[in-house]
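Per-entry structural report
Here are the chains, one letter per residue:
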Amino acid sequence: MSIQGNTTAPLLAEVSELLDAMILELELRGCEANHKLVKRALIIQKQLKDLKET
């Protein structure tokens, strides 16, 4: 596996964890699920999941 392959999966996992934490923090601060930052984070999470599956 190449260097890129060795670093991409852990990086995607870390970004996904960061998005989870961001969403939780926004919810704890009173943001609703339809808040634009929460929506963007969920969209990016889905894109990351799709990227991991390919």
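So, a few notes on the structure that sits alongside this text. (Residues numbered from 1 in each chain as written. Predicted model: local features only at pLDDT ≥ 70, side-chain atom pairs only at ≥ 80, totals over all residues. Heavy atoms only, no water.)

A look at the side chain of glutamine 45
Within the fold, glutamine 45 resides in helix H2 (residues 36-53). Given a relative accessible area of 17%, glutamine 45 falls into the buried group. Residues contacting glutamine 45, with those up to four places away along its chain left out, are Ser16, Leu19, Asp20 and Ile23. (Helix = DSSP H or I, 4+ residues; strand = E, 2+ residues; numbered from the N terminus. Buried < 20%, exposed > 50% of the residue type's maximum accessible area, 1.4 Å probe, protein only. Contact = heavy atoms within 4.5 Å.)

Some thoughts on the nonpolar core
Grouped together as the largest cluster of nonpolar side chains are seven residues: Leu12, Leu19, Ile23, Leu26, Val38, Ala41 and Leu48. The element that contributes the greatest number of residues to this core is helix H1 (residues 3-28), accounting for four residues. With residues up to four places along the chain from it excluded, the contact list for valine 38 reads Ile23, Leu26, Cys31, Glu32 and Ala33. (Core = buried A, V, L, I, M, F, W, Y, C linked by side-chain atoms within 4.5 Å.)

The analysis is restricted to geometry; functional conclusions fall outside its scope.
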